[in-house]
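Here's the letter readout for the chains.
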Amino acid sequence: MMSDAATPPLSLDAVDRRIIRCLLEDATLSNNDLAEKVGLTAAPLSRRLARLYGAGVIRQAVIVDPAAVGLGLQAFAEVTLNRTAPEVGQRFIRAIAAMPEVVECHTVTGDFDFLLKISVKDIADYKRLIWNEFDRLPEIKALRSTIVFDTPKHSLGTLPDW
């Protein structure tokens with residue numbers, strides 16, 4: 001769940017920020033270890049975690065290494081729609097939501113409308129996706145691909161320096 005731009009951000013104190021930083025460094029910490037690292041006992045830590053999860057500040061997820069499960073090719077696709085009308089964008093979003101190969105979708109400004117992160121087995125699988133799935137979407141005016149060689153840096157989040 002992404003935060004709503006109209007909703008003011010949750011006020012975070014120094015302890016909240018320490019909790020988040022510790023989880024960013026090692027999300028496998030037990031609650032006891034996390035409580036010790038941030039200087040709390042179990043009950044106050046649990047209340048703070050519940051507040052942070054409830055407000056959507058932090059989320060729990062499993063990150064799968066694509067190559068380890070046979071998805072050896074990652075690509076970014078820049079998609080330009082034939083029209084920027086809301087109904088066209090919504091149809092496109094619904095269509096790609098049904099494609100498991102599209103692992104991220106970002107609405108962007110600039111030279112194109114959407115940036116998609118795609119994860120597939122290999123180049124033949126990518127060709128199949130482009131020719132058999134994307135080609136069927138009348139909303140697409142242009143699609144430009146960038147193949148990922150490797151990812152030397154990957155971060156799941158950060159905190160501003162307060």
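Anyway, here's the lowdown on the structure attached to this text.

A few words on the nonpolar core. With 21 residues, the main nonpolar core has Phe92, Ile96, Leu116, Ile118, Tyr126 and Phe134 as its most contacted residues. Elements represented by at least two residues in this core include exactly strand E1 (73-81), helix H4 (86-97), strand E3 (114-120) and helix H5 (123-133). A per-element tally of this core places E1 first, with 5 residues. If sequence neighbours within four positions are ignored, Ile96 has contacts with Val102, Cys105, Leu116, Phe134 and Leu137.

With antiparallel pairing, 4 strands are arranged side by side in an open sheet as E2-E3-E1-E4. Here the strands that pair on one side only, and so sit at the sheet edges, are strand E2 (102-107) and strand E4 (140-148). Going from strand to strand, the sheet's axes swing by 20° on average, the running direction of each strand aside. One ladder, built from 8 bridges, connects E1 with E4; its direction is antiparallel. Across the sheet, the residue bridging to Glu78 is Arg144, located in E4. Contacts between H4 and the sheet are confined to E1, E2, E3 and E4, with E3 contributing the most and set at about 10° to the helix.

Because an α-helix completes one turn every 3.6 residues, residues spaced three or four positions apart along the sequence face the same direction. Between its first and last C-alpha, H4 extends 16 Å over 12 residues, near the 16 Å set by a 1.5 Å rise per residue. Listed as buried for H4 are Val88, Gly89, Phe92 and Ile96. All buried residues of H4 lie within an arc of 95° about the axis, which places them on one face of the element. In this structure, H4 carries Pro86, Arg94 and Ala97 as exposed residues pointing more than 90 degrees from its buried face. On the buried face of H4, the contacting elements are E1, E2, E3 and E4.

Okay, the pattern of salt bridges next. Tallying each qualifying case throughout the model produces 8 salt bridges. For Asp16, the salt bridge goes to Arg48, with nearest N and O atoms at 2.8 Å. Taken together, the positions of Asp16 in helix H1 (residues 14-25) and Arg48 in helix H3 (residues 42-54) put the pair 32 residues apart, joining distant regions of the chain. Close ionic contact of Arg83 with Glu87 constitutes a salt bridge, the shortest N to O distance being 3.2 Å.

Analysis parameters
- Within any chain, residue numbers begin from 1 and follow the written order of that chain's sequence.
- Note on the predicted model: pLDDT of at least 70 is required for a residue's local features to be given, and 80 or more for side-chain atom pairs to be given and counted; whole-chain, interface and lining totals, by contrast, use all residues.
- Values reported for side chains reflect all heavy atoms of the structure, with hydrogen atoms and water molecules removed beforehand.
- We call a set of buried Ala, Val, Leu, Ile, Met, Phe, Trp, Tyr and Cys residues a nonpolar core when their side-chain atoms join them within 4.5 Å.
- Relative accessibility under 20% of the residue-type maximum defines a buried residue, over 50% an exposed one, and the middle range a partly exposed one, all with a 1.4 Å probe and only protein chains included.
- Secondary structure elements are taken from DSSP: a helix is a run of H or I of four residues or more, a strand is a run of E of two residues or more, and numbering for both begins at the N terminus.
- The contact rule is simple, with two residues in contact once any of their heavy atoms fall within 4.5 Å.
- Strands qualify as paired when DSSP identifies two bridges or more between them.
- Geometry is summarised by axes, namely lines fitted to C-alpha atoms with helices restricted to the contacting stretch, and by angles between N-to-C directions that run from 0 to 180 degrees.
- Expected span of a helix: the number of residues minus one, times 1.5 Å.
- The directions from the helix axis to the C-beta atoms form the arc being described.
- We count a salt bridge whenever a side-chain nitrogen from Lys or Arg sits within 4 Å of a carboxyl oxygen from Asp or Glu.

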